[in-house]
Amino acid sequence: MAALAGKRAVVTGASRGIGLAIARLLAKEGAAVCLLARTVDALNRAAAELGAGATVLQADLASDEGRAVFAAHLNDAAKQAPDVVVLNAGAFHIGVVGELPLALADDMLTVNVRAPYHLLHQIVPVMRARGSGHIVTVGSVADRHTFAGNGAYAASKFGLRALHHVVSDELRGSGVRTTLVSPGPVDTAVWDPIKPETRPGFPTRAQMLSPDDVAESVLWALTRPPHVVIDELRLHYS
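Reading the values: the criteria
Along every chain, residues carry numbers that run from 1 in the direction the sequence is written. Predicted model: local features are reported for residues with pLDDT of at least 70 only, side-chain atom pairs are reported and counted for 80 or more only, and whole-chain, interface and lining totals are derived from all residues. Side-chain metrics rest on all non-hydrogen atoms present in the structure, leaving aside hydrogens and water. To obtain an axis, a line is fitted to C-alpha atoms, over the contacting stretch when the element is a helix, and the angle between two such axes runs from 0 to 180 degrees between their N-to-C directions. The helix count covers DSSP runs of H or I at least four residues long, the strand count covers runs of E at least two residues long, and both are numbered beginning at the N terminus. An angle below 35 degrees is read as roughly parallel, one above 145 as roughly antiparallel, one from 65 to 115 as roughly perpendicular, and any other as oblique. Each crossing gets its hand from how the near helix is turned against the far one by less than a right angle, where anticlockwise is left-handed and clockwise is right-handed. Note on contacts: a residue pair qualifies if any of its non-hydrogen atoms lie within 4.5 Å across the two residues. Residues are grouped as follows: nonpolar covers Ala, Val, Leu, Ile, Met, Phe, Trp, Tyr, Cys and Pro; charged covers Asp, Glu, Lys and Arg; every other residue, Gly included, is treated as polar. Strands are treated as partners if at least two bridges between them are detected by DSSP. Buried residues are those whose accessible area, probed at 1.4 Å on protein chains only, stays under 20% of the maximum for their type, while exposed residues exceed 50% and partly exposed ones sit between those limits. Stacked, tilted and edge-to-face are the three classes applied to pairs of Phe, Tyr and Trp rings, where Trp contributes its six-membered ring and a pair requires centres within 6.5 Å; stacked means planes under 30 degrees apart, edge-to-face means over 60, and tilted covers the rest. Over a ring means this: the NZ of a Lys or the CZ of an Arg is within 6 Å of the ring centre and within 35 degrees of the ring normal. Salt bridge, as used here: a side-chain nitrogen of Lys or Arg that lies within 4 Å of a carboxyl oxygen of Asp or Glu. Here is how to tell: hold the view so the strands point away, follow the path from the first strand over the helix to the second, and if it runs clockwise the crossover is right-handed.

Undergrad: Would you explain the packing of helix α3 (residues 64–76) against helix α4 (residues 102–130) in this entry?
TA: The description of two packed helices rests on the angle between their axes and on the distance between the axes. Between α3 and α4, whose axes approach to 11 Å, the crossing angle comes to 20 degrees. Classified by the interaxial angle, the pair formed by α3 and α4 is roughly parallel. α3 and α4 meet at a crossing whose hand is right-handed. Contacts between α3 and α4 pair D64, R67, F70, A71 and L74 from the former with T110, R114, A115, H118, L119, Q122, I123 and V126 from the latter. A class-by-class count of the residues in the contact of α3 with α4 yields seven nonpolar, three polar and three charged.

Structure, rendered in structure tokens:
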């Protein structure tokens, strides 16, 4: 029997990269997966790959309108609220303080911290009232280490880590589990404009983790016995 048969899952940022890998694996293990992302064409391609049981929700979580779309989806499915929510959507830009355009800094703070907070504001009461559920937050090595050029990104990921730990404390004993998965560099399209091979001190893309590595870690945390809470998983390349 598939490990997640009968479970309903929502994965944010699910049209590509880590999010798509997670959605793909959860679907393979029997979950009915709702893929949430900004780009409808990419979402439809991802859903077609996952096949029957996969649904799409087009929403830009950086906007109030996008978060309202998610709220409406949650309310429409109140009797079948998700068993699993994976907060994966994120923004990543490199630039030193004083040089990185403020619009890009604001984008990271909005997508990486404000949007997850808004989604948790909607999800947590539903799961708490039901007495079950699992919230997985995808962090980063930058949620615990600082690097030059990562001012806004690290601030957003440190904030996301803090949010995870606070929600974990608030949900302890409720039956709702929370897990933070913090990977090191992952080989996804976000590195295309950065070209890490040309930057001293950066790993090559061949050295990086793969999206499937992160997905396997998420699945492992989700499939522990109900009384076991995996608070945090840290991944790095060898």
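Undergrad: Looking at this structure, I do not really get the sheet that holds strand β5 (residues 133–138). What am I missing?
TA: Within a sheet, neighbouring strands are paired by backbone hydrogen bonds and run either parallel or antiparallel to one another. A sheet is described by the order of its strands in space; here seven strands give the open sequence β3-β2-β1-β4-β5-β6-β7, paired in parallel fashion. Looking along the sheet, the strands with just one partner apiece sit at the ends: β3 (55–58) and β7 (232–235). Going from strand to strand, the sheet's axes swing by 15 degrees on average, the running direction of each strand aside. The pairing of strand β2 (residues 32–37) with β3 spans four bridges and is classified as parallel. Bridge pairing in β3 places L35 opposite V56. Its contacts with the sheet put helix α2 (residues 40–50) on β2 and β3, and the angle it makes with β2 is roughly 165 degrees. With respect to the sheet, helix α6 (residues 211–222) is in contact with β4 (84–87), β5, β6 (176–183) and β7, its orientation differing from that of β6 by roughly 160 degrees.

Undergrad: How should I be thinking about the environment of R128 in this particular structure?
TA: By the secondary structure assignment, R128 is in helix α4. Residue R128 is classed as partly exposed on the basis of its relative accessible area, which comes to 38%. Expressed as a C-alpha distance, the spacing of R128 and E170, which sit 42 residues apart in the sequence, is 9.9 Å.

Undergrad: For this particular structure, what's the right way to read the packing of aromatic side chains?
TA: The description of an aromatic ring pair rests on the distance of the ring centres and on the angle between the ring planes. Under the defined criterion, the tally for this structure stands at three aromatic pairs. One aromatic cluster in this structure is built from F92, Y153, W191 and F202. Across the ring face of F202, the terminal group of R199 is positioned such that the distance to the ring centre comes to 5.9 Å.

Undergrad: Can you walk me through the pattern of salt bridges in this structure?
TA: When the charged atoms of two side chains lie near each other, side chains of opposite charge can form a pair. One pass over the structure, following the stated rule, counts 11 salt bridges. For D83, the salt bridge goes to R8, with nearest N and O atoms at 3.7 Å. A residue pair is termed long-range when its members are at least 10 positions apart, and D83 in the loop between α3 and β4 and R8 in strand β1 (residues 8–12) qualify at 75 residues. Since its relative accessible area comes to 26%, R8 is described here as partly exposed. The salt bridge involving D143 is made with R144; its shortest N-O contact spans 3.7 Å. Across this residue pair, the class does not change: D143 and R144 are buried. Here the residues in one salt-bridge network are D143, R144, R161, E232 and R234, joined through shared partners.

Undergrad: Looking at this model, I keep getting lost on the pairing of β7. Mind explaining?
TA: Consecutive residues of a regular strand have side chains that alternate between opposite faces of the sheet. In β7, alternate side chains face the same way, and those of L233 and L235 are buried while those of E232 and R234 on the opposite face are not. By the bridge criterion, four bridges tie β6 to β7 in an arrangement that is parallel. Note on β7: the bridge partner recorded for V181 is L233. In this fold, the crossover linking β6 to β7 by way of α6 has left-handed handedness.

Take it as geometry only, folks, not as evidence of what the structure does.
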